[in-house]
Amino acid sequence: MDETINRPLRVAELIATRAGDDDRGPMVMMHPEDASSRLLMDGELAWVYGPRRHELATVRVEYGMRKGDVVLRDVVGAAPSEIVRVIKPDFDSRGRKGAFV
């Protein structure tokens with residue numbers, strides 16, 4: 001994978017919600033340039049790869065964000081100051097050939 005397209009991002013903040021909160025669920029907030037270099041748009045799903053696990057999260061493009069930083073909401077696999085990768089999922093390819101013949 002090309003490092004200029006998908007360079008690592010630093011977790012600037014981690015938001016944890018509670019059961020009664022209106023806005024809940026995994027979300028990654030990022031600078032518009034970081035999102036566009038990954039071909040991501042506001043509202044799309046993206047894989048967030050942390051040091052311990054990865055999960056799908058909704059992308060929110062925030063113009064006030066610092067380039068190279070992300071804010072994660074309800075993403076369990078990362079903590080503040082850790083490095084994550086945000087990758088657009090490939091829902092079009094079949095993956096491993098012959099897995100479901």
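Since the structure is predicted, the reported quantities are computational estimates derived from the model, not experimental observations. (Residues numbered from 1 in each chain as written. Predicted model: local features only at pLDDT ≥ 70, side-chain atom pairs only at ≥ 80, totals over all residues. Heavy atoms only, no water.)

Caption draft 1: Up close: the overall build of the protein. For the protein, the count of helices and strands is one helix and six strands. Counting helices and strands in the order they occur from the N terminus, the protein gives β-β-α-β-β-β-β. Here the protein, with 101 residues, has 35% of them falling under the buried criterion. Counting contacts in the protein only where the partners sit at least 6 residues apart, residues at least 24 apart contribute 76% of the total. For the protein, the accessible surface area stands at approximately 6,600 Å², while carbon and sulfur atoms represent 53% of it. (Helix = DSSP H or I, 4+ residues; strand = E, 2+ residues; numbered from the N terminus. Buried < 20%, exposed > 50% of the residue type's maximum accessible area, 1.4 Å probe, protein only. Contact = heavy atoms within 4.5 Å. Areas by Shrake-Rupley, 256 points an atom, 1.4 Å probe, with all protein chains shown as cover.)

Caption draft 2: Spotlight on the pairing of strand 4 (residues 54-61). Sheet analysis places strand 2 (residues 27-30) next to strand 4, joined by four bridges and oriented parallel. When the sheet's bridge partners are listed, M27 is paired in strand 4 with T58. (Pairing = 2+ DSSP bridges.)

Caption draft 3: Geometry of unusual backbone geometry. The backbone of D74 sits at a positive phi, close to 55°, despite the residue not being glycine. Along the chain, the position of D74 falls in the loop between strand 5 (69-73) and strand 6 (83-87). One non-glycine residue with positive phi stands out, namely S81, at about 75°. Along the chain, S81 falls in the loop between strand 5 and strand 6.

Caption draft 4: Representation of the sheet that holds strand 5. The strand order around the closed barrel formed by six strands is 1-5-2-4-3-6, and the pairing between neighbours is mixed. Each neighbouring strand pair of the sheet contributes to a mean axis angle of 45°, computed without reference to strand direction. Here strand 2 pairs with strand 5 via four bridges, running antiparallel. Looking across to strand 5, one finds that M27 is bridged to R73. (Axes fitted to C-alpha atoms, helices over the stretch in contact; angles between N-to-C directions.)

Caption draft 5: Region of the structure containing the pattern of salt bridges. Across all of its chains, the model carries seven salt bridges by this definition. Across the pair R60 and E62 runs a salt bridge whose closest N-O atoms are separated by 3.5 Å. Judged by relative accessible area, which is 29%, R60 ranks as partly exposed. (Salt bridge = Lys/Arg side-chain N within 4 Å of Asp/Glu carboxyl O.)

Caption draft 6: Representation of the nonpolar core. V28, M30, V70, L72 and V84 are the most contacted members of the largest nonpolar core, which has 17 residues in total. Those elements giving two or more residues to this core turn out to be strand 1 (9-15), strand 2, strand 3 (45-49), strand 4, strand 5 and strand 6. Sorting elements by how many residues they give to this core places strand 4 first, with three residues. When sequence neighbours within four positions are dropped, the list of residues in contact with V70 reads L9, R10, V11, A12, E13, V28, M29, M30, M65 and V84. (Core = buried A, V, L, I, M, F, W, Y, C linked by side-chain atoms within 4.5 Å.)

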